[in-house]
Amino acid sequence: MNFHILTLFPEMVENGLNTSIIGRAVNAGLLSIDAVNIRDYAFNKHQSVDDYPYGGGAGMLMQAEPVYLACEAVMQKIGGKRPRVVYLSPQGNVFDQKMAQEMALEEDLVLLCGHYEGIDERVLEEIVTDYVSIGDYVLTGGELPAMVMVDAISRLVPGVLHNDVSAEFESFQDNLLEYPQYSRPEEWHGKKVPPVLLSGHHANIEKWRREQSIIRTYERRPDLLEKSSLTDKEKKWFRQWLKENED
Ligand code: ADE
């Protein structure tokens, strides 16, 4: 999968994504992350890419033309294809695991990072296919949100995590949070690893983990539990658990 990140701060994106799992996946050729400097497409001799907003108001606005040319350059580079162009903005749809899964199926994805007070509306109208926010708070630019998206999407690309099972059984799968995990030693600060995990009985372990996921989601993200699809047997078990743990 190929990410094309249009930004005024390419080194920020490159430095943030060249380590650990994502860096390794890039080196292995599973992903490419191309940070395109919008300033390279400035059309005046001062290489400026921003200007005052018409009508007044605080701050500067990124101008339409350099953003447009940078995006066109990406399309040309990928043989004239028209990929999805995501503009990172607090006004967008809120990014979640489902959106990450859907975007992981794309071959190319363009991520457009705004800075200053935003980007001239006219170029957004022409090139943007998706408006995406990473949460209800305002950041100074779209670079961190773009990096969040690249990370979350990349780990769903086959081969990136090595063991595909770990992307399968994790938080948000079926709207349930992940069960608690334990490693050595068997006892730490007086706390013991739940005995079922030492039993070697795989069916019991699976059952325990599923139940823990349900309990954890109920306690931490009850909004998600409503969207999960429990079997009738699990619903019955959970009603019983609630009864026993009511106080
Ligand atoms: N740019 C500034 N804040 C943002 C946010 N919360 N999500 C996406 N892009 C942004």
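Refer to the structure above for everything that follows.
Conventions we followed
- As a convention, each chain's residues are numbered from 1 in the sequence order in which they are written.
- Whole-chain, interface and lining totals are the exception, using all residues; otherwise, since this is a predicted model, local features are given only for residues with pLDDT of at least 70 and side-chain atom pairs are given and counted only at 80 or more.
- Each side-chain value is worked out from all heavy atoms of the structure, with water and hydrogens disregarded.
- Each helix is a run of H or I in the DSSP string that is no shorter than four residues. Each strand is a run of E no shorter than two, and both are numbered from the N terminus.
- Note that the radius of gyration is over C-alpha atoms, with the globule rule given as 2.2 Å times the number of residues to the power 0.38.
- Here a residue-residue contact requires only that any non-hydrogen atoms of the pair lie within 4.5 Å.
- In short, Shrake-Rupley with a 1.4 Å probe defines the accessible areas, and a residue's cover is counted only from the protein chains shown.
- Positive charges come from Lys and Arg alone, negative charges from Asp and Glu alone, with His and the N- and C-terminal ends not counted.
- For the purpose of locating charges, the reference atoms are NZ of Lys, CZ of Arg, CG of Asp and CD of Glu.
- Buried Ala, Val, Leu, Ile, Met, Phe, Trp, Tyr and Cys residues that are joined via side-chain atoms within 4.5 Å together make up what is termed a nonpolar core.
- Think of it in three bands: residues with accessible area under 20% of the maximum for their type are buried, residues over 50% are exposed, and the middle band is partly exposed, with areas taken using a 1.4 Å probe on protein chains only.
- In this description, strands pair whenever DSSP reports at least two bridges between them.
- Working convention: axes come from line fits to C-alpha atoms, limited for helices to the stretch in contact. Angles between N-to-C directions cover 0 to 180 degrees.
- Small angles under 35 degrees read as roughly parallel and large ones over 145 as roughly antiparallel, with 65 to 115 read as roughly perpendicular and the rest as oblique.
- Crossings are sorted by hand: turned counterclockwise from the far helix by less than a right angle, the near helix makes the crossing left-handed, and turned clockwise it makes it right-handed.
- Only Asp, Glu, Lys and Arg are considered charged in this grouping, and only Ala, Val, Leu, Ile, Met, Phe, Trp, Tyr, Cys and Pro are considered nonpolar; every other residue, Gly among them, is considered polar.
- Near, as used in this document, describes a residue that has one of its heavy atoms within 4 Å of the molecule or strand being considered.
- Any N or O atom pair separated by 3.5 Å or less is treated as a polar contact, with the protein-specific requirement of one donor-capable and one acceptor-capable atom, and with residues adjacent in sequence counted only for side-chain atom pairs.
- With a 1 Å grid laid over protein atoms only, a set of points is called a cavity when a 1.4 Å probe fits there but cannot get out and a pocket when it is open yet has protein on both sides within 12 Å along at least five of seven lines; lining residues have an atom within 4 Å of a point.
- Grid points are joined across faces, edges and corners, and a volume is the space filled by probe spheres set on the points.

## Focus: the overall build of the protein
When helices and strands are tallied, the protein shows 10 helices and 9 strands. Taken over the C-alpha trace, the protein has a radius of gyration of 23 Å; the compact-globule value for 247 residues is 18 Å, which it surpasses by more than 25%. Relative to all contacts within the protein whose residues are 6 or more apart in sequence, the contacts with residues 24 or more apart total 72%. In the form shown here, the protein has an accessible surface area of approximately 15,000 Å², with 50% of it arising from carbon and sulfur atoms. One finds the centroid of the 25 positive side-chain charges in the protein at a distance of 9 Å from the centroid of its 39 negative side-chain charges.

## Quick notes on the nonpolar core
By size, the foremost hydrophobic cluster in this structure holds 28 residues, and its most contacted members are Leu 111, Met 149 and Ile 153. Elements that contribute at least two residues to this core include exactly β1 (2–7), α1 (10–17), α2 (20–27), β5 (84–94), α4 (97–103), β6 (108–113) and α6 (143–154). Here the element with the most residues in this core is α6; it accounts for 6 residues. When near neighbours in sequence (up to four residues on either side) are disregarded, Met 149 contacts Val 86, Leu 88, Phe 95, Met 103, Leu 111 and Val 132. Judged by nonpolar contacts, the second largest core, of 21 residues, contains Leu 6, Ala 42, Met 75 and Leu 124.

## Considerations on the pairing of β5
Note: β5 against β6, 5 bridges, orientation parallel. Note on β6: the bridge partner recorded for Val 86 is Leu 111. Sheet topology places β5 next to strand β7 (residues 130–133); 5 bridges connect them, and they run parallel. Each residue of the ladder has a partner; that of Leu 88, found in β7, is Val 132.

## Here's the deal with the environment of Val 94
If you trace the backbone, Val 94 turns up in strand β5. It is 31 Å that separates the C-alpha atoms of Val 94 and Ala 42, two residues lying 52 residues apart in sequence. Beyond its immediate chain neighbours, meaning those up to four positions away, Val 94 contacts Met 99, Ser 133, Gly 135 and Asp 136.

## Re the packing of helix α8 (residues 202–220) against helix α10 (residues 232–245)
The interhelical angle for the contact between α8 and α10, taken along N-to-C directions, is 55°, at an axis separation of 11 Å. Relative to α10, the element α8 lies oblique. The interaxial crossing formed by α8 with α10 has right-handed handedness. Touching Arg 210, Glu 211, Ile 214, Ile 215, Tyr 218 and Glu 219 of α8 are Glu 234, Trp 237, Phe 238, Trp 241 and Leu 242, all from α10. When grouped by side-chain class, the residues that make up the contact of α8 with α10 number 7 nonpolar, no polar and 4 charged.

## Here's the deal with the site of the ligand
All residues in the neighbourhood of the ligand are listed as Leu 88, Ser 89, Pro 90, Val 132, Ser 133, Ile 134, Gly 135, Tyr 137, Val 138, Leu 139, Gly 141 and Pro 145. The contact in question runs from a nitrogen atom of the ligand to an N or O atom on the backbone of Ser 89, over 3.1 Å. A distance of 3.1 Å separates a nitrogen atom of the ligand from a polar atom in the backbone of Gly 135. With the chains in place, 96% of the 260 Å² that the ligand exposes on its own is no longer accessible. Elements represented by at least two residues in the shell around the ligand include exactly β5 and β7. The greatest single-element share of the shell around the ligand, amounting to 3 residues, is contributed by β5. Across the shell around the ligand, the residue classes break down as 8 nonpolar, 4 polar and no charged.

## Overview of the layout of surface pockets
Counted as a void, the largest pocket has a volume near 480 Å³. Along the walls of the largest pocket sit 25 residues, with Tyr 87, Leu 88, Ser 89, Pro 90 and Gly 118 positioned nearest its centre. Contributing elements (two or more residues each) for the lining of the largest pocket: β5, α5 (121–127) and β7. Element by element, the count of residues in the lining of the largest pocket is highest for β5, at 5 residues. Along the lines of polarity and charge, the residues of the lining of the largest pocket split into 13 nonpolar, 10 polar and 2 charged. Computed from the structure, the second largest pocket encloses a volume of approximately 320 Å³. Along its surface, the second largest pocket is lined by Asp 96, Gln 97, Lys 98, Gln 101, Phe 172, Gln 173, Asp 174, Asn 175, Arg 221, Asp 223, Leu 224 and Lys 227. For the lining of the second largest pocket, the elements supplying multiple residues, two or more each, are α4 and α9 (222–225). Per element, the largest residue contribution to the lining of the second largest pocket is 3 residues, and it comes from α4. Taken together, the residues of the lining of the second largest pocket sort by class into 2 nonpolar, 4 polar and 6 charged.

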